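One-letter residues, chain by chain:
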Amino acid sequence: MKKSLCILLSVLILLSAFMVAPFSAQATDYQDLCIKANQLQTGDTFRLGTYPQSRVTDENLLTELNNTDCTMISYGYMKNSKADSHTYDTVNMTYADIEYDGELYRKVTINEYRPFWTSYSASTSNTNQDENGYTIRKSYYFKWEPIVWTVLSNESDGVYVMSQTLLDSQPYHNYYEGITWQGCSLRTWLNDTFYNAAFSENEKTKIKSTYHANEGNPYFDISGGSNTRDNLWILSYSDSINSDYGFADDYAVYDTARQKQGSDYAKCQGLFVNSSGTYAGNSMWWLRTPGVNTVNACGVKYDGYAYNYYYVYGTNRGIAPAFKLYPDAEVGDPDDSVLIAVREYITLLEAEDYSESSYNALMALSEQYTDVAAGNNTQAEIDTATADLLNAVGALVPYLNLTVTAENGTYDITLDGNTRENLTDEAFSGELFGEQISLTATPAEGYVFKGWYETVSHRIFSTDEDYTFTLTSNTAFKALIIPENAASIYFENESGYIKDIATKTCTEWSNLTESDVAALIPEVPYRYGSTDGHWVCSQSDWLTLLQQGEDIVFTAAYTDVNRPDDADLPPVNSNGVPNLTLTSSYDEESNVCTYIMGAGIDENCHIVSVGIAFYYGKPSAFAPETVFVTLNNKMTTSKFEVSAESNYYIVNVKKFNRYNWAAKGYVTYYDSYGVLRTAYSEQINILNK
């Protein structure tokens, strides 16, 4: 699955002549692209951490969640607090986090309303929860979702960001008393409860603990208290009117950049939500600067107006956390799509297809990287895991099969440095990829050797009795040995594919006429893009030559001879790796599927073998979409002559309606280090033709 870079176009509606455009219209959402924090610009957004946000409404999912056992925990929210002794009662409101089907959900049970002032009693008149659709003696579920952060500025000591959404609803302080940011309960909640819930240990390493000033109120000369070092905080009053951060520099402007809405979860916690007019759906949120006095704190209204009057013990104001990222921290979701695809591919491999050592090494490595996934690891760690697994896949040693037969004679074979003699019909299997194999044919008395014929590809690979080759795919060689004083007709196409061989003694040929030979002529091979196929022989006296013991070749010819356009050939790679494409064309009339492999091969590339590998089976028991074709003991391979220069390799397959098929083109070659490697084309799966 390829992840794409999404461009977020911020469309700003000017609600009055006083409003200003807050952020760049070309702000980028980096949820799908992993970059360094120091590359971010004001207005950009990215994902980091998770928190309960959207309410679950799917009835089937709700049924499953309701049937899941969990232990409920009290929020410890205060009511009827007493400033003199700091004793308090708690609201009967509980929560539990539940994992179901790979996702995390928070269950919230409201047995008692949360008052919008901590000193008030719990009742419908003293809460915003019921107005938001959350009532007592009921449970609600919220999905943990990625938190979206908006970049305020890219500064020398870090990247300053704040949450796009109001994630929760909390008081600035639990009690009605004078307080500054240093001592307020919200600072403790943010840097403990929220920080530990929202971020993994890996994500915490991206957040810079920051020493910052807590300025006083500029209009009422109220001290902001001591400076603090925090992992998380909320914006100051001066931050909220800083035009470099994308905000209007006038506190009285109804600034769209300062207007915020809360999550479903925040509304469940008692967030105030404006219900009518132009700003319906917006909420108010805290700033950390003191207000008209220290019993008040600054905030932003639902219309974007920054103000100085709000009692610190109000619970219905939203929280927009802020922090600084280390400049070299990675942000955005790391792209683990290739890693996922590789690990899924590995699950489809079967032990019997490969050497035990290489297969076990791959499985052990895959197990080692089980926990490497986006959100828990850096892009560099994911890339390392992906590269290691791909290298291990490439290092798999396939089990291959080799069969050799010699009717009317015997053969010797040299394999693994050992020579076995006087064999007639043997099968070999094991770690044979790249093995140098030598065959020597010995005709029986009264017979002569004609060639080493490969029964799958239907080609003669050598006419010498001694033949040495490198095994790179499953192969079945037959020593063509015919009687002395005999001759053969080879029916083949221009690429050397032998449709059939007719062999008779010279005496038998002498007893036949040309019309008699017609009964021996096979069907002309189907040719892609051509019609009126027929056999031709360049020698007019071919029957006389057969009667004299000379072999004859009949070649398939066609009235219309079309071929693929060279303009469609893949380009030649400069790194010496063959570049291959595979296409297919199905002819319903003849029930033939043609595979066409185009090859872009550097002239300096040392090619060992070229072919198209197939995997097929009955439709009722075979699903090609789950098959990845690689050279191993299960693959049927059509091979091509390596010495003949060609840009196209074509194979026709009949009886397609009997099987489902998967196919890949391949080229086996030596790289610049002398290592035998295989390059593949894309894979084609054909179902139920």
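> What should I look at first to understand helix 8 (residues 379-394) in this one?
The α-helix advances 3.6 residues per turn, and as a result positions three or four apart in sequence lie on the same side. Here helix 8 contains 16 residues, and its C-alpha end-to-end distance of 22 Å stays within 8% of the 22 Å for a straight helix at 1.5 Å per residue. All of the buried residues along helix 8 are Gln379, Ile382, Ala385, Thr386, Leu389, Ala392 and Val393. Along the axis of helix 8, the buried residues cluster in a sector spanning 160 degrees; they form a single face. Facing away from the buried side of helix 8, by more than 90 degrees, are the exposed residues Asn391 and Gly394. If you follow the buried residues of helix 8, they end up packed against strand 21 (330-331), helix 6 (337-347) and helix 7 (356-368).

> Sorry if this is basic, but what is going on with the sheet that holds strand 26 (residues 436-443) here?
Across a sheet, paired strands are connected by hydrogen bonds in the backbone, their directions being either parallel or antiparallel. Strands sit in the order 24-23-26-29 across an open sheet of four strands; the sheet is antiparallel. Each of the sheet's edge strands pairs with one partner strand only, and the pair in question is strand 24 (418-423) and strand 29 (466-470). Between one strand and the next, the sheet's axes are offset by a mean angle of 15 degrees, whatever the strand orientation.

> Honestly, helix 6 in this entry has me stumped. Any pointers?
Of the positions making up helix 6, those classed as buried are Ser337, Leu339, Val342, Tyr345 and Ile346. Those residues of helix 6 that are buried lie in contact with helix 7 and helix 8.

> Sorry if this is basic, but what is going on with unusual backbone geometry here?
Both trends apply: most residues other than glycine have a negative phi, and most peptide bonds are in trans. One non-glycine residue with positive phi stands out, namely Asp221, at about 55 degrees. Structurally, the position occupied by Asp221 is in the loop between strand 14 (210-212) and strand 15 (228-230). By relative accessible area, which is 72% here, Asp221 ends up exposed. If you check the backbone angles, Asn485 has positive phi at about 60 degrees while not being a glycine.

> Explanation requested: the pairing of strand 8 (residues 93-100) in the structure shown.
In summary, the side chains of a regular strand alternate between the two faces of the sheet. Looking at chain direction, strand 5 (residues 73-74) and strand 8 are connected through two bridges and run antiparallel. Bridge pairing in strand 8 places Ser74 opposite Thr94. In terms of strand pairing, strand 8 meets strand 9 (residues 103-110) through eight bridges, oriented antiparallel. Within the sheet, the bridge partner assigned to Glu99 lies in strand 9 and is Leu104. In sequence, strand 8 turns back onto strand 9 through a hairpin of two residues, with Asp101 there showing a positive phi of about 50 degrees.

> Quick question: what am I supposed to make of the nonpolar core here?
Soluble globular proteins tend to pack their nonpolar side chains together in the buried interior. Membership of the largest hydrophobic core comes to 75 residues, with the highest contact counts inside it found for Leu40, Phe46, Tyr172, Leu186, Phe194, Phe199 and Leu325. Residues Leu582, Cys593, Phe614 and Tyr649 belong to the second largest nonpolar core, which totals 23 residues.

> Before we go on, may I ask you to explain the packing of aromatic side chains in this structure?
Tallied over the full model, the rule gives 53 aromatic pairs. Plain terms: the ring middles of Tyr75 and Tyr95 are 4.7 Å apart, the flat faces sit at 35 degrees to each other, and that makes the pair tilted. Within this pair, whereas Tyr75 is found in the loop between strand 5 and strand 6 (78-79), its partner Tyr95 is found in strand 8, the two being separated by 20 residues in sequence. Just as Tyr75 is buried, Tyr95 falls in that class too. A centroid spacing of 6.5 Å and a plane angle of 45 degrees characterise the contact between Tyr279 and Tyr302, whose relative ring orientation is tilted.

> Please explain the environment of Thr503 as it appears in this structure.
Secondary-structure assignment places Thr503 in strand 32 (residues 498-505). Looking at Thr503, the relative accessible area reads 34%, which means it is partly exposed. Considering only alpha carbons, one finds Thr503 and Tyr490, 13 residues apart in sequence, at a separation of 8.8 Å. Other than its neighbours up to four places away in sequence, Thr503 contacts Ile482, Ala486, Ala487, Ser488 and Trp509. A distance of 2.6 Å separates polar atoms of two side chains, one belonging to Thr503 and the other to Ser488.

Basis of the calculations
Residues numbered from 1 in each chain as written. Predicted model: local features only at pLDDT ≥ 70, side-chain atom pairs only at ≥ 80, totals over all residues. Heavy atoms only, no water. Helix = DSSP H or I, 4+ residues; strand = E, 2+ residues; numbered from the N terminus. Expected span 1.5 Å × (residues − 1). Buried < 20%, exposed > 50% of the residue type's maximum accessible area, 1.4 Å probe, protein only. Arc of directions from axis to C-beta. Contact = heavy atoms within 4.5 Å. Pairing = 2+ DSSP bridges. Axes fitted to C-alpha atoms, helices over the stretch in contact; angles between N-to-C directions. Core = buried A, V, L, I, M, F, W, Y, C linked by side-chain atoms within 4.5 Å. Phe/Tyr/Trp six-rings, centres within 6.5 Å; stacked < 30°, edge-to-face > 60°. Polar contact = N/O pair within 3.5 Å; in protein donor to acceptor, adjacent residues only side chain to side chain.

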